[in-house]
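Here are the chains, one letter per residue:
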Amino acid sequence: MVVELGRVTDEPGRLTRTFLSPAMKRANRLVGGWMKDAGLTVRVDAVGNLIGRLEATGVGRTGPVRRGGAGRSALPKTLLLGSHLDTVRDAGRFDGPLGVLLPIVALGELRRRGVKLPFAVEVLGFSEEEGVRFASAYLGSKGYCGQLTAKDLAMRDADGITVGEAIARWNGLPVRRSLGEVGTSSRSKRVGVNALHLNATHQRGELLGYVEVHIEQGPVLEAKKLAVGVVSAIAGQSRFKLTWTGKAGHAGTTPMALRRDALAGAAEFISGVEAIARRTPGLVATVGLLTVSRGAANVIPGEVVHTLDVRHARDAVRRSVLRQIGRLATQVANRRGLVRRWQRTQENTAVACSPALTAQLARSVAAVQGKSPSLVSGAGHDGVVMAALCPVAMLFVRCRAGLSHHPDEYAAPKDFAVALAVLTDFVERLAKDYRG
Ligand code: HGY
Ligand code: MN
Ligand code: MN
């Protein structure tokens, strides 16, 4: 399944699948078919999330499951399992899809064994977690949780299309009137796209929790020679778009002392950021995208735009480093006569996984693997968004050399088998606990 899905791409010759792209539509169709084979009812929501649902089949604490029984307490709760189906550019096949495909196989397995579940299960394939097409990540899970803001909807991609327009197109709505706030409730601003109200799919009390299986994307499990581990927390992250403006000019006739070279300034800043990160334990800082506006070999760069991604498990450390980086930017700009503009495109505080749900997951890891290591995730995950809606837990799966966001990303089938056994055991034990 993961190999077949890995061939569904927007860019022939490499794996790239971005928010609401043609490849995303094909991926939803392919994975939706596998969900149906496993007995799930399938739908795609307004922001492109693929949702497979298995209704409760057993007897829960609330007594026999009644379809739409009186009052909300009669409704069985829902367990959410999932991850994202979008990818970075030239991606590996496992980052995201593993966490969507494994639950489908696990539910199919439980069904074959005739295990009745007193709660419903939704398998989620989020449409956007990486933040590749639009600068801000988690648009899929934010849409699922009703957390998209007017600012999110107004972000533009490289072709100038806004998130709201992309959503309108995906839903076959006229683009001209797309997006805008459809009114504000007391609690939070709700946004919509034309008649589409992008509200939360579930209310807080209806959910047992969100559990995501994901490759570790780091070296710890491989070093411990273990297939899986649980996650204690997901690091906080800040992402920015920086614009440096100097003065374009003739590369051959402009003396060095008279230049305001935007690229030379950005380069000095970027190496300064790297030096700060290297001397701050546990901090990572990355510039992944840089463009010289109207660049040419014989023109002094007048404008440079680049991204900046800064992360740490502790928010106080990340914030203190951001202040240092801000001071560095001011010094470089002043010394070189450059103007720099910051645009914050994403800000997530560190999120602790639910200790109770993680303990239940660790119980299954220990039952299957013997030991249950606990790791902090340096990578961001949809659990960062889902934590506002319900308890969150994550199961990490070993990946070769910790490599990810790279076509050579690899996880071994024997490790999938361990993760599958853990997930199946976890759901079964949860059902027993639920029956009380
Ligand atoms: O960037 C991340 O940490 C994740 O892969 N989206
Ligand atoms: Mn990723
Ligand atoms: Mn991921």
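Here is what the cut-offs are and how they apply
- Residues numbered from 1 in each chain as written.
- Chains lettered and ligands numbered in written order.
- Predicted model: local features only at pLDDT ≥ 70, side-chain atom pairs only at ≥ 80, totals over all residues.
- Heavy atoms only, no water.
- Salt bridge = Lys/Arg side-chain N within 4 Å of Asp/Glu carboxyl O.
- Helix = DSSP H or I, 4+ residues; strand = E, 2+ residues; numbered from the N terminus.
- Buried < 20%, exposed > 50% of the residue type's maximum accessible area, 1.4 Å probe, protein only.
- Donors = N, O, S within 2.8 Å, 3.2 Å for Na, K, Ca; no water.
- Near = heavy atom within 4 Å.
- Polar contact = N/O pair within 3.5 Å; in protein donor to acceptor, adjacent residues only side chain to side chain.
- Areas by Shrake-Rupley, 256 points an atom, 1.4 Å probe, with all protein chains shown as cover.
- Nonpolar A, V, L, I, M, F, W, Y, C, P; charged D, E, K, R; others polar.
- pLDDT = per-residue confidence, 0-100.
- Contact = heavy atoms within 4.5 Å.
- Core = buried A, V, L, I, M, F, W, Y, C linked by side-chain atoms within 4.5 Å.
- Domains from an automatic or database assignment.

1. So, the pattern of salt bridges
Point 1. Per the counting criterion, the structure on display carries 21 salt bridges.
Point 2. Here Glu428 ties to Arg113 by a salt bridge, and the two come within 2.5 Å at their closest N and O atoms. Separated by 315 residues along the polypeptide, Glu428 in helix 12 (residues 413-435) and Arg113 in the loop between helix 3 (97-112) and strand 4 (120-126) bring together distant segments of the chain.
Point 3. Judged by relative accessible area, Glu428 falls into the partly exposed class, the value being 21%.
Point 4. Under the relative-accessibility criterion, Arg113 is labelled partly exposed at 44%.

2. Let's talk about the coordination of the manganese ion (ligand 2)
For a metal with four donors in a tetrahedral arrangement, the ideal angle between donors is 109.5 degrees, while six donors in an octahedron ideally sit at 90 or 180 degrees.
Point 1. For the manganese ion (ligand 2), the protein coordination sphere consists of Asp95 (OD), Glu130 (OE), Glu130 (OE) and His405 (NE2), at 2.1 to 2.8 Å.
Point 2. Read in sequence order, the donor residues for the manganese ion (ligand 2) give the motif D-x34-E-x274-H.
Point 3. The metal-metal distance between the manganese ion (ligand 2) and the manganese ion (ligand 3) is 3.4 Å, with Asp95 serving as a donor to both. Of this pair, Asp95 sits in the loop between strand 3 (78-84) and helix 3 while His405 sits in the loop between strand 19 (392-397) and helix 12, and the two are 310 residues apart along the sequence.
Point 4. Residue His405 is classed as partly exposed on the basis of its relative accessible area, which comes to 43%.

3. Remarks on the coordination of the manganese ion (ligand 3)
Point 1. Listed as protein donors to the manganese ion (ligand 3) are His84 (NE2), Asp95 (OD) and His214 (NE2); their distances from the metal cover 2.1 to 2.2 Å.
Point 2. All donors of the manganese ion (ligand 3) come from a single chain, and their spacing in sequence reads H-x10-D-x118-H.

4. Focus on the site of ligand 1
Point 1. Around ligand 1, the surrounding shell consists of Glu129, Glu130, Arg239, Arg311, Ala379, Gly380 and His405.
Point 2. Between ligand 1 and His405 there is a distance of 3.0 Å, counted from an oxygen atom to a side-chain nitrogen or oxygen.
Point 3. Contact with the protein chains hides 95% of the accessible area of ligand 1, taken as 210 Å² for the molecule alone.
Point 4. Of the residues that constitute the shell around ligand 1, the class distribution is 1 nonpolar, 2 polar and 4 charged.

5. With respect to the confidence of the model for the chain
Point 1. Overall, the predicted model of the chain reaches an average pLDDT of 91, with 90% of residues at or above 70.
Point 2. Counted against residues more than four places away or in other chains, residues 61-72, with its pLDDT under 50, gives 17 contacts.
Point 3. Predicted confidence is poor over residues 176-189, with pLDDT under 50, and the contacts of this stretch with residues over four places away or in other chains come to 28 contacts.

6. Considerations on the nonpolar core
Point 1. By size, the foremost hydrophobic cluster in this structure holds 68 residues, and its most contacted members are Val31, Phe119 and Ile167.
Point 2. With 9 residues, helix 12 is the largest single contributor of residues to this core.
Point 3. Taken domain by domain, the makeup of this core includes at least three residues from each of domain 1 (2-145 + 200-235 + 350-433) and domain 2 (148-195).
Point 4. Setting aside chain neighbours within four positions, we find Val31 in contact with Leu5, Leu50, Leu85, Val100, Leu101 and Ile104.
Point 5. One finds Phe126, Leu226, Val231 and Met394 within the second-largest nonpolar core, a separate group that totals 25 residues.

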